[in-house]
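What follows is the residue order along each chain.
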Amino acid sequence: MAPFHKAKRLSAPRNVKLVFLPPYSPEFNPVERLCQDVKDAIALDFYKSLAALRQEVREAVAAYADEAVASLTGSDYLLEAACALSS
């Protein structure tokens, strides 16, 4: 693990448990599921420019309702897997 990934001194509130994940674990990173969903939505289209692609990504992300983001990023299996790693 790179030295900049760990703080030398860190204090967390009593109700927060720190769980260190494996160095490469995209399946435990909730934003990866959201990014994959955006990629799936725009992947088959052709864009004339990088600016057009960026605009399409902005529009795709802006179209998500709060419930959809929560559904993609808030899974119980993430917490269960992280807890299993820490025990």
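Residues numbered from 1 in each chain as written. Predicted model: local features only at pLDDT ≥ 70, side-chain atom pairs only at ≥ 80, totals over all residues. Heavy atoms only, no water.

Enquirer: It is not clear to me how the overall build of the protein chain should be interpreted in this structure. Could you clarify?
Expert: Helices and strands together make up the secondary structure of the protein chain, namely 4 helices and 0 strands. Taken from N to C terminus, the helices and strands of the protein chain fall in the order α-α-α-α. Every one of the 87 residues in the protein chain was classed for burial, and the buried ones make up 14%. Restricting to contacts in the protein chain with at least 6 residues of sequence separation, those with at least 24 account for 60%. A total accessible area of about 7400 Å² is found for the protein chain, and carbon and sulfur atoms account for 58% of it. (Helix = DSSP H or I, 4+ residues; strand = E, 2+ residues; numbered from the N terminus. Buried < 20%, exposed > 50% of the residue type's maximum accessible area, 1.4 Å probe, protein only. Contact = heavy atoms within 4.5 Å. Areas by Shrake-Rupley, 256 points an atom, 1.4 Å probe, with all protein chains shown as cover.)

Enquirer: What is the right way to read the nonpolar core from this model?
Expert: Note on soluble globular proteins: their nonpolar side chains tend to be buried together. Ranked by size, the top nonpolar core spans 7 residues in total: Leu34, Val38, Ile42, Tyr47, Ala60, Tyr64 and Leu72. When residues of this core are assigned to their parent elements, the largest contribution, 3 residues, is made by helix H1 (residues 30-42). Not counting residues up to four positions away in its chain, the partners in contact with Leu34 are Tyr64, Leu72 and Thr73. (Core = buried A, V, L, I, M, F, W, Y, C linked by side-chain atoms within 4.5 Å.)

Enquirer: What is the right way to look at a nonpolar patch on the surface in this model?
Expert: Side chains of Leu10, Val16, Leu18 and Phe20 sit close together on the surface and give an oily, nonpolar patch of about 410 Å² of accessible area. Here Leu10 lies in the segment before H1. Owing to a relative accessible area of 60%, Leu10 belongs among the exposed residues under this scheme. (Patch = residues over 30% accessible without salt bridge, like charges linked within 9 Å, V, L, I, M, F, W, Y side chains within 5 Å. Salt bridge = Lys/Arg side-chain N within 4 Å of Asp/Glu carboxyl O.)

Enquirer: Whenever I open this one, the environment of Lys17 confuses me. Can you help?
Expert: Here Lys17 lies in the segment before H1. Between the C-alpha atom of Lys17 and that of Cys83, which follows or precedes it by 66 residues, the distance is 9.4 Å.

Enquirer: Is there a simple way to explain the confidence of the model for the protein chain in this structure?
Expert: Low pLDDT means the predicted atomic positions in that stretch should not be read closely. Looking at the protein chain as a whole, its pLDDT mean stands at 81, while 85% of the residues score no less than 70. Across the protein chain, the secondary-structure element scoring lowest on mean pLDDT is helix H4 (residues 76-86), at 70, and the one scoring highest is helix H2 (residues 50-62), at 94. (pLDDT = per-residue confidence, 0-100.)

Enquirer: Before we go on, may I ask you to explain the environment of Val19 in this structure?
Expert: Positionally, Val19 belongs in the segment before H1. For Val19 and Cys83, which are 64 residues apart along the polypeptide, the C-alpha to C-alpha distance reads 7.2 Å.

Enquirer: When you look at the packing of H1 against helix H3 (residues 66-73) in this model, what are you seeing that I'm missing?
Expert: Angle between the axes and distance between the axes: these two values describe a pair of packed helices. Two elements in contact, H1 and H3, have axes whose closest approach is 8 Å; the angle formed by their N-to-C orientations is 120°. Considering the angle they form, H1 stands oblique to H3. Contact with H1, carried on its side by Pro30, Arg33, Leu34 and Asp37, involves Ser71, Leu72 and Thr73 of H3 and no other residues of that element. A class-by-class count of the residues in the contact of H1 with H3 yields 3 nonpolar, 2 polar and 2 charged. (Axes fitted to C-alpha atoms, helices over the stretch in contact; angles between N-to-C directions. Parallel < 35°, antiparallel > 145°, perpendicular 65-115°, else oblique. Nonpolar A, V, L, I, M, F, W, Y, C, P; charged D, E, K, R; others polar.)

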